[in-house]
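Structural overview
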Amino acid sequence: MTAITLILRGALTNWREYLVLCKPRIVSLIVFTAIVGMFLSVPGLAPWPVFLFGTLGIGLGAASAAAINHLIDEKADAVMNRTQARPLPTGKLTREQALIFAITLGVLSMVILYFLINPLTAWLTLASMVGYGIIYTAFLKRTTPQNIVLGGASGAMPPVLGWTAATGELHVHAFLLFLIIFVWTPPHFWALAVARRDEYGRANFPMLPVTHGVDFTKQQVVLYTFLLFAVSLLPFVSKMSGLIYLAGAIGLGGYFLYLAFALYRHTSNELAMKTFGYSIFYLAALFAFLLIDHYLPSFL
Ligand code: HEM
Ligand SMILES: CC(C)=CCC/C(C)=C/CC/C(C)=C/COP(=O)(O)OP(=O)(O)O
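An account of the accompanying structure is given in this report.

Here is what the cut-offs are and how they apply
Chains are numbered independently. Their residues run from 1 in the order of the written sequence. Each chain gets a letter, beginning with A, and each ligand a number, beginning with 1, in the order they are written. Predicted model: local features are reported for residues with pLDDT of at least 70 only, side-chain atom pairs are reported and counted for 80 or more only, and whole-chain, interface and lining totals are derived from all residues. The basis for every side-chain value is the complete set of heavy atoms in the structure, and neither hydrogens nor water enter the calculation. Each metal's donors are the N, O and S atoms within 2.8 Å of it, or within 3.2 Å when it is Na, K or Ca, and because water is not part of the set, sites may look incomplete. Only runs of H or I of at least four residues qualify as helices and only runs of E of at least two qualify as strands under DSSP, and these elements are numbered from the N terminus. Salt bridge, as used here, is a side-chain nitrogen of Lys or Arg placed within 4 Å of a carboxyl oxygen of Asp or Glu. Accessibility here uses a 1.4 Å probe with only protein chains present; expressed as a share of the type maximum, an area under 20% marks a residue as buried, one over 50% as exposed, and anything in between as partly exposed. Summary of the distance rule: residues count as near a molecule or strand when at least one heavy atom falls within 4 Å of that molecule or strand. Identification of polar contacts relies on pairs of N or O atoms within 3.5 Å, with a donor-acceptor requirement for protein atoms, meaning one able to donate a hydrogen and the other able to accept it, and with residues adjacent in sequence counted only if both atoms are side-chain atoms. In these tables, accessible area is a Shrake-Rupley quantity obtained with a 1.4 Å probe, and a residue counts as shielded only by the protein chains included in the view. Residues are grouped as follows: nonpolar covers Ala, Val, Leu, Ile, Met, Phe, Trp, Tyr, Cys and Pro; charged covers Asp, Glu, Lys and Arg; every other residue, Gly included, is treated as polar.

In this section: the coordination of the iron atom of ligand 1. Its sole protein donor being His188 (NE2), the iron atom of ligand 1 sits 2.2 Å from that atom. Here His188 is to be found in helix H10 (residues 172-195).

According to the stated counting rule, one finds five salt bridges in the structure shown. The partner of Glu74 in a salt bridge is Arg95, and the shortest N-O contact between them spans 2.6 Å. Placement of the pair is Glu74 in helix H5 (residues 74-79) and Arg95 in helix H6 (residues 95-117), with a sequence separation of 21 residues. For the salt bridge of Asp215 with Lys218, the shortest nitrogen-to-oxygen distance reads 3.8 Å.

Here we take up helix H9 (residues 158-167). Among the ten residues in H9, eight count as buried, and that is most of the element. For H9, every residue scored as buried is listed here: Pro158, Pro159, Val160, Leu161, Gly162, Trp163, Thr164 and Ala165. Gly168 sits one or two residues past H9 and shows a positive phi near 80°.

Below, the discussion takes up the site of ligand 2. Around ligand 2 lies a shell of 17 residues, among which Lys23, Asn69, Arg82, Tyr136 and Lys141 are the nearest. Within the side chain of Lys23, a nitrogen or oxygen atom sits 2.7 Å from an oxygen atom of ligand 2. Its free accessible area being 630 Å², ligand 2 has 89% of it covered by the protein chains. Considering only residue class, the shell around ligand 2 consists of eight nonpolar, four polar and five charged.

All we've got here are geometric facts, nothing functional implied.
Okay, structure coming up:
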């Protein structure tokens, strides 16, 4: 049986496992931020082929990188409660199946973006895939507590990819959207890492609470949340967005700061998980405000 036949038969029976390899909830938010970048880059609506193929190409690229992350992390995932039920540690999928799947998604993403969108978006997506799937997962995650600050650059790229998909060029406003996600990533991840510090220690990952302790990590969460609050005002300052966005950024950022301070004052896993959960809501809502602010005034 050829490898392709194997994967096709496997895909029919194991589609749920393949879906898990794609980290669908994370990729959904990634794709949403890309769509916001795409729509903010143009005055009206983005043309439908850009929306369709841009979203598909970026989503497939992110899913491919997520599947590579599962392959590289198989042994470490087996040690942590949070990750031990994943398809590779449980043997529900073989490494060969996961590898062929990751390559197929990656190639599809490149073909769609290069030929149906533009080469710039294809190259930047490839760089983001390599940045997360290989540089972050295989090297940074295992060697430095700053892994996530450096690795966060890949996760911050989607709005830039959406922007270049629609316009074919880079713009300083796209860079502001990048900066928001880049500065958001440390409080997003370190809040979770505080709650899961023992597991990360057992799996030998040099995450900040493991290497520098919980107090230092909580200080960094407060620091980056302050920075995030400031950076989130830049779309208004640069006149990319208006008052609707500003009100949203202040409200959402204010509550993020409140949670970061509360966590700073009392360490509790519940509060750390609440801050982590809120970080996800925050990013989705902030980007929704960007979109509402872009379109609502023309309906009023
Ligand atoms: C290097 C950067 C990042 C790191 C290290 C990181 C880390 C994590 C981890 C460890 C989880 C928990 C996953 C689980 O429960 O199995 C998580 C969840 C999540 N992350 Fe991130 N993240 C990063 C960037 C991003 C980005 C850029 C986005 C979206 C724009 C994102 C969105 C999410 C979402 C939506 C979840 C919840 C997933 C769920 O409920 O299943 N993350 N992140
Ligand atoms: C092409 C493109 C836009 C790529 C985007 C890259 C991408 C999918 C970024 C998400 C970052 C993320 C989920 C990190 C968690 O990995 P982890 O290994 O620390 O978490 P885990 O322990 O749950 O596996």
